[in-house]
Amino acid sequence: MENNKKKDYWQYDYIDLTAKTKSADELSKSYAVFGWEEIERYADKLYVDVVHLSFRRPHKIQNKDDLQYLQVTYERLFNERAVYEYKKHERSSLILTLYLLLIIVVASAGFLT
């Protein structure tokens, strides 16, 4: 964890992210599109599936406001996608549970007759 290095705030803007390990590469590539350069990546001390990413980009960059707007929009959509992925698994678990319950009811009805 070398995040304590002296940062040059006159030349660069900095941002730190925390993400799941499986999405870290995607985030790194996506932030590069918005002008960010990954300067550090390290694993979380407590959680195995979490990683910390540090980025920087030049403070004086062309179309910075537009890039910032696009970045915020991307972050919102990225987080929404994670919610939908979770709900997808939640829904499939519910369907499986109901299906198993139906099998148990049908099987027990067969034993009762």
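Residues numbered from 1 in each chain as written. Predicted model: local features only at pLDDT ≥ 70, side-chain atom pairs only at ≥ 80, totals over all residues. Heavy atoms only, no water.

A. Focus on the sheet that holds strand β2 (residues 37-43). Here 3 strands make up an open sheet; going across it, the order is β1-β3-β2 and the pairing antiparallel. Strands with a single pairing partner mark the edges of an open sheet, and in this sheet they are β1 (12-20) and β2. Taking the axes of each pair of neighbouring strands and ignoring which way they run, one obtains an average angle of 20 degrees across the sheet. As defined by bridge partners, β1 adjoins strand β3 (residues 50-58) across 9 bridges and the pair is classed as antiparallel. Residue pairing across strands places Tyr14 opposite Arg56, the latter belonging to β3. (Pairing = 2+ DSSP bridges. Helix = DSSP H or I, 4+ residues; strand = E, 2+ residues; numbered from the N terminus. Axes fitted to C-alpha atoms, helices over the stretch in contact; angles between N-to-C directions.)

B. View of the packing of aromatic side chains. Scanning the model with the defined rule gives 7 aromatic pairs in all. Look at Tyr9 and Tyr14: their rings are 5.2 Å apart centre to centre, the planes differ by 70 degrees, and that puts the pair in the edge-to-face class. The exposure class of Tyr9 is exposed, given its relative accessible area of 54%. With centroids separated by 6.4 Å and ring planes inclined at 85 degrees, the aromatic side chains of Tyr31 and Phe34 adopt a geometry described as edge-to-face. (Phe/Tyr/Trp six-rings, centres within 6.5 Å; stacked < 30°, edge-to-face > 60°. Buried < 20%, exposed > 50% of the residue type's maximum accessible area, 1.4 Å probe, protein only.)

C. View of a nonpolar patch on the surface. On the surface, Leu94, Leu98, Leu101 and Val105 cluster together to form a nonpolar patch covering roughly 390 Å² of accessible area. Inspection of the secondary structure assignment puts Leu101 in helix α2 (residues 64-112). The class of Leu101 is partly exposed, set by a relative accessible area of 49%. (Patch = residues over 30% accessible without salt bridge, like charges linked within 9 Å, V, L, I, M, F, W, Y side chains within 5 Å. Areas by Shrake-Rupley, 256 points an atom, 1.4 Å probe, with all protein chains shown as cover. Salt bridge = Lys/Arg side-chain N within 4 Å of Asp/Glu carboxyl O.)

D. View of the pattern of salt bridges. The final tally for this structure, using the stated rule, is 8 salt bridges. Linked through salt bridges whose partners overlap, the residues forming this network are Asp25, Glu38 and Arg41.

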